[in-house]
Amino acid sequence: MAKKVKTNKKVNKKNRKFLADERIKIILGVTTIFIAAFLTLAFISYFFTWKVDQSFQFSKVISPAEVSVENWSGKAGAHFANLFINKWFGIASFTFPFLFIVIGFRFFKIKIYPIRKAFKITIIGTIILSVILGYLFGNSSGYLGSGLGGGHGYVIAHWLNSFLGKIGTAFLLFLVFSSFILLSFKKSYDWIIKISSKLFKKEYTEFEDQSGKDQESVHETNLEPEITEETDDDNLMFITNRIDAQDATEENKTGFEKKKNQEEEKDIELTIEEKHKEEKLNSKLKNYQLEDYDPTLELSNYNLPPLDLLEDHGQGGNGEIDKEEIIANKNRIVETLANYKIQIDKIKATVGPTVTLYEIIPAPGVRISKIKNLEDDIALSLAALGIRIIAPIPGRGTIGIEVPNRKPEIVSMRSILESKVFSESKYDLAIGLGKTISNDTYVIDLAKMPHLLVAGATGQGKSVGLNAIIASLLYKKHPSQLKFVMVDPKKVELTLYTKIEKHFLAKLPDTEESIITDTQKVVNTLNSLCLEMDNRYDLLKAGHVRNIKEYNAKFIERKLNPEKGHKYLPYIVVIVDEFADLIMTAGKEIEGPIARLAQLARAIGIHLIIATQRPSTNIITGTIKANFPARIAFRVSSMIDSRTILDSPGANQLIGRGDMLISTGGDLVRLQCAFIDTPELDEITDYIGGQQSYPTAFMLPEYTAEGADEIGEVDFSKRDAMFEDAARLVVRHQQGSTSLIQRKFSIGYNRAGRIIDQLEAANIVGPFEGSKARQVLFQDEYSLEQYLKDFLENT
């Protein structure tokens, strides 16, 4: 069974690699689009050639060349058109080319329509539409062979007619079709309500208009004077003149008043109508609730990496316990203590993956310090390295002796990630570090820590620990929710993660490489993060919230207006490897922004993970330690280094290979760090990198060091060809930004920077103002054009 499972895993990995190849995607995409075009042409042709091709034996697609068909797609096209339109679904079959087009374009990362939804609509919709057409038209006309609904539609509709009757079938089909529309298209309900309300409103208005006209005609008839044939000419003339005179007098007297009254009535009607409109609009706004904002929508098809990408390197501490070793160690501990006249009431063992904890309860009157001083003697009697005495164990009332196992087990990353503790955790930034001595999975929340200091000598597991932290976050978070800033002075530790640049990495706009290796760029990036921190605090202030969690919750509920600068804020995790090298080369330039971020960045979702192999006091200064309460120590060379990183001894007594101590501001916990190998990381980054991504990496704010914004004399005879277009762009957008010019004109950052310098020298934009965009000195394009005309003539 184990061999079969491993074989299946290898096959799955080969399949994933095969499908991740861009060339294969292009071939599959072109093939699928061709099938869609071929079927469409065959279906359309069938409307004109089906009668002529009826003599063709469709069961024999491969027939002699002499046998010809009229279908535009040849014999294959005639066969498939007859199959789909005549025998199966009729004209409803046109949904299948649509499905192939959706799938084909998805291979080119072009999302026309969600694939799952397209499948659902194609299969269910085709069947329903076919039956409806079969019911409405049958096959009595013989058109297209079996009619517009095809053979399937006709047979099902005929059976329903015999079972429910025509009226019952009509009601059933209407119910099924309406339910399908309402469930498949979210906005269909709103459309139905809107259309029906308009129809009823129109009918009601017409009825009112007709009633008004009838009443007016009645009033007009009553107002006409009655003149009989018996009236003579004089009387007729008298009456007519009298009426005319009265009308004229009345007109003269009340003409002005009528006009005035009409105008007043019109104003009143308009005012009332406007008030009604406002009331209707307000009531609609109250009743209408927008759906919550979904930050994952842009990459809605993104899938978290599967656990199959990880190997099960060991049994994760669930292997067989060597009872003989445990009993032997117990006896040696009791014997050694007895030699120094220390009596023990009880001893028990807790077996972990690499270390076994022996808890002893000494006899009354035994001083703890006496046992503590025998650390080296116990290590000698057990012939073991890395023995650590915890006297006493907090909260238990016992003394602990940690003894390394002779056959340590590897704790695989897979065993941590598939554990309930990790998979069901609700932490904002869950990190699975490894397993404790009692074989419990140890998971922490980086968002609450809020920063992490990692130290350890070369080859003791520090780099593996960093990879375990990154992998934990990649297995939990969507690219919209998390970004990494990675600093790697050695240039080899974090290069694997360049594959996920457009998904998870953040960088400065002017940098080409997403993994930062140059010291000056590290300084600029850290200062840029300080600008990002200040910008985020401004957003929190405007949103009347205290932290990133409250802010994002409010934004998701659409209580913050994006037009006022509000946006969804991802967590940013800054990973700095070889911190000692950076301090040695840049010193205060690095320590200053690191300290500022460590003090203030917690609330706005920026968290630091700093790693070093030299935990000396000149590297890990008091300022750094004060703001990093959570610390991890792998094996170090001396007790002084252990005290520097943990404020206590112990890290110098670890056995290496992932054996670690973690302090979260309180007691020390010993863990065996989870192991994740380079090929596994390769698989994870390939899987993520092969999915649809954002157009670019997450861009941090522009940062220019002091004095860097001062520009020298500009030779306008050598101005950039895009100078005038860039001037119009910044005036139109009222935003003097290098990134705006870079993005709109699709040019490099350096060229965009030169253009912005030329615009500043030409007094079109103001000077650099840190994180803010430069001030634009022209309010409209007309005044700019007048200025450019004079300016260019004089330069």
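Residues numbered from 1 in each chain as written. Predicted model: local features only at pLDDT ≥ 70, side-chain atom pairs only at ≥ 80, totals over all residues. Heavy atoms only, no water.

Draft legend 1. Spatial organisation of the overall build of the protein. Scanning the protein from terminus to terminus reveals 26 helices and 16 strands. Taking all 795 residues of the protein together, 42% fall into the buried category. When contacts within the protein are restricted to residue pairs at least 6 apart in sequence, long-range pairs at least 24 apart make up 67% of them. Of the accessible surface of the protein, which amounts to about 45100 Å², a share of 55% is contributed by carbon and sulfur atoms. (Helix = DSSP H or I, 4+ residues; strand = E, 2+ residues; numbered from the N terminus. Buried < 20%, exposed > 50% of the residue type's maximum accessible area, 1.4 Å probe, protein only. Contact = heavy atoms within 4.5 Å. Areas by Shrake-Rupley, 256 points an atom, 1.4 Å probe, with all protein chains shown as cover.)

Draft legend 2. A look at the sheet that holds strand β6 (residues 441-445). Here we have ten strands laid out as an open sheet, ordered β6-β5-β15-β14-β13-β7-β12-β11-β8-β10, and mixed in their pairing. With partners counted over all chains shown, the strands left at the sheet margins are β6 and β10 (515-516), one partner each. Here strand β5 (residues 430-436) runs beside β6; their pairing, made up of five bridges, is antiparallel. The partner of G432 across the bridge, within β6, is V443. Sheet strands touched by helix α16 (residues 519-542): β8 (482-487), β10, β11 (571-576) and β12 (606-612). Its angle to β11, the strand with the most contacts, is close to 155°. Running over the sheet, helix α18 (residues 579-586) touches β8, β11 and β12 and is turned about 90° from β12. (Pairing = 2+ DSSP bridges. Axes fitted to C-alpha atoms, helices over the stretch in contact; angles between N-to-C directions.)

Draft legend 3. How the structure looks around the nonpolar core. Judged by nonpolar contacts, the single largest core of 108 residues is most densely connected at L433, F484 and I590. In terms of residues, this core owes the most to one element, α16, which gives eight residues. Setting aside chain neighbours within four positions, we find L433 in contact with Y442, I444, I469, I632, M660, I662, L671, Q672, C673 and A674. (Core = buried A, V, L, I, M, F, W, Y, C linked by side-chain atoms within 4.5 Å.)

Draft legend 4. A look at helix α2 (residues 22-49). When the terminal C-alpha atoms of α2 are compared, their 40 Å separation across 28 residues agrees well with the 40 Å that a helix rising 1.5 Å per residue should span. Where α2 is concerned, the buried positions are I24, K25, G29, T32, A36, L39, A42, F43, S45, Y46 and T49. (Expected span 1.5 Å × (residues − 1).)

Draft legend 5. Summary view of α16. Helix length check: α16 (24 residues) gives 35 Å between terminal C-alpha atoms against 34 Å at 1.5 Å per residue, within 8%. Taking the backbone nitrogen of Q520 as reference, a side-chain oxygen 3.2 Å away marks D518 as the first, capping residue of α16. Directly beyond the C-terminal end of α16, a positive phi value near 55° is found at H544. (Polar contact = N/O pair within 3.5 Å; in protein donor to acceptor, adjacent residues only side chain to side chain.)

Draft legend 6. Structural view of the sheet that holds strand β3 (residues 388-393). Ordered in space as β1-β2-β4-β3, the four strands form an open sheet in which the pairing is antiparallel. Two strands close off the open sheet at either side, each with one partner strand: β1 (344-351) and β3. Pairwise comparison of adjacent strand axes, ignoring direction, gives a mean angle of 20° for this sheet. As paired elements, β3 and strand β4 (residues 398-404) share four bridges and run antiparallel to each other. Bridge pairing links I390 to G400 in β4. Its contacts with the sheet put helix α9 (residues 323-339) on β1, β2 (355-362) and β4, and the angle it makes with β1 is roughly 145°.

Draft legend 7. Broad picture of the packing of α2 against helix α3 (residues 74-88). Running from N to C, α2 and α3 cross one another at 75°; their axes reach a closest spacing of 9 Å. Viewed along their axes, α2 and α3 adopt a mutual orientation that is roughly perpendicular. Along the contact surface, α2 presents F38, L39, A42, F43 and Y46, while α3 presents A76, G77, F80, A81, N82, F84, I85 and N86. When the residues that make up the contact of α2 with α3 are grouped by side-chain class, the tally is ten nonpolar, three polar and no charged. (Parallel < 35°, antiparallel > 145°, perpendicular 65-115°, else oblique. Nonpolar A, V, L, I, M, F, W, Y, C, P; charged D, E, K, R; others polar.)

Draft legend 8. Structural detail: a nonpolar patch on the surface. Together, I26, V30, F98, I101, F108, I110 and I112 give the surface a local cluster of nonpolar side chains, amounting to about 550 Å² of exposed area. Among the elements of the structure, α2 and α4 (95-107) are those that each provide at least two residues to the nonpolar patch. (Patch = residues over 30% accessible without salt bridge, like charges linked within 9 Å, V, L, I, M, F, W, Y side chains within 5 Å. Salt bridge = Lys/Arg side-chain N within 4 Å of Asp/Glu carboxyl O.)

Draft legend 9. Quick look at the packing of aromatic side chains. All told, the structure shown has 17 aromatic pairs when counted by the stated rule. Consider the rings of Y302 and F504, whose centres lie 6.3 Å apart with planes at 70°: the pair is edge-to-face. One end of the pair, Y302, is in the loop between α8 (233-287) and α9; the other, F504, is in helix α15 (residues 501-504), with 202 residues separating them in the sequence. We classify Y302 as buried; its relative accessible area is 9%. (Phe/Tyr/Trp six-rings, centres within 6.5 Å; stacked < 30°, edge-to-face > 60°.)

Draft legend 10. Here's a closer look at the packing of helix α23 (residues 723-733) against helix α26 (residues 781-794). Viewed as axis vectors pointing N to C, α23 and α26 meet at an angle of 155°, and their least axial separation amounts to 10 Å. What the angle tells us is that α23 and α26 run roughly antiparallel. The hand of the α23/α26 crossing is right-handed. Across the interface between the two elements, F723, E724, A727, R728, V731 and R732 of α23 pack against E781, L784, E785, L788, F791 and L792 of α26. (Left-handed = near helix turned anticlockwise from the far one by under 90°.)

Draft legend 11. Representation of the pairing of strand β15 (residues 668-673). The sheet contact formed by β5 and β15 spans three bridges and is antiparallel. Residue T436 lies in a different strand from β15, and its bridge partner there is L671. Counted along the chain from strand β14 (residues 659-664) to the antiparallel partner β15, the turn is three residues long, and its residue G665 has a positive phi close to 100°.

Draft legend 12. Region of the structure containing the confidence of the model for the protein. Mean pLDDT over the protein stands at 80; residues scoring 70 or higher make up 79%. Residue range residues 1-5 is modelled with pLDDT below 50. Its contacts to residues more than four positions away, or to other chains, number zero contacts. Here residues 211-254 scores under 50 on pLDDT; set against residues more than four positions off or in separate chains, the count is four contacts. (pLDDT = per-residue confidence, 0-100.)

Draft legend 13. Inspection of the pattern of salt bridges at higher detail. This structure, assessed with the given rule, holds 26 salt bridges. Salt-bridge contacts for K588 lead to E591; the nearest nitrogen and oxygen are separated by 3.8 Å. A residue pair is termed a helical-turn pair when its members lie 3 or 4 positions apart in one helix, as K588 and E591 do in helix α19 (residues 588-600) at three residues. Relative accessible area serves as the criterion here: at 11%, E591 is assigned to the buried category. Its salt-bridge partner being D647, residue K625 comes within 2.7 Å of it at the nearest N-O pair. Taken together, the residues span a long stretch of sequence, with K625 in helix α20 (residues 622-626) and D647 in the loop between α21 (639-646) and β14 at a distance of 22 residues. Residue D647 is classed as partly exposed on the basis of its relative accessible area, which comes to 46%.

Draft legend 14. Expanded view of unusual backbone geometry. The step from A391 to P392 runs through a cis peptide bond, and the omega angle for that step is -10°. Tracing the chain through its elements places P392 in strand β3. For the bond running from M449 to P450, omega is -10°, close enough to zero to count as cis. Positionally, P450 belongs in the loop between β6 and β7 (452-455). Its identity is not glycine, yet K491 carries a phi of approximately 70°, on the positive side. Relative to the assigned elements, K491 resides in the loop between β8 and α15. Judged by its relative accessible area of 53%, K491 falls in the exposed class. Of note in the backbone geometry, D647 takes a positive phi value of approximately 65° without being a glycine.

Draft legend 15. View of the environment of I469. With respect to the secondary-structure elements, I469 resides in helix α14 (residues 462-474). By relative accessible area, which is 2% here, I469 ends up buried. A C-alpha to C-alpha distance of 8.9 Å links I469 and A430, two positions 39 residues apart in sequence. Setting aside anything within four residues of it in sequence, one finds I469 in contact with I431, L433, L452 and I609.

Draft legend 16. Summary view of the pairing of β4. By the criterion of burial, β4 is predominantly enclosed, with seven of the seven residues buried. Burial of β4 is two-sided: the residues T398, G400, E402 and P404 facing one way and the residues I399, I401 and V403 facing the other way are all buried. Pairing of β2 with β4 involves six bridges; the strand directions are antiparallel. Bridging from a neighbouring strand, I360 pairs with I399 of β4.

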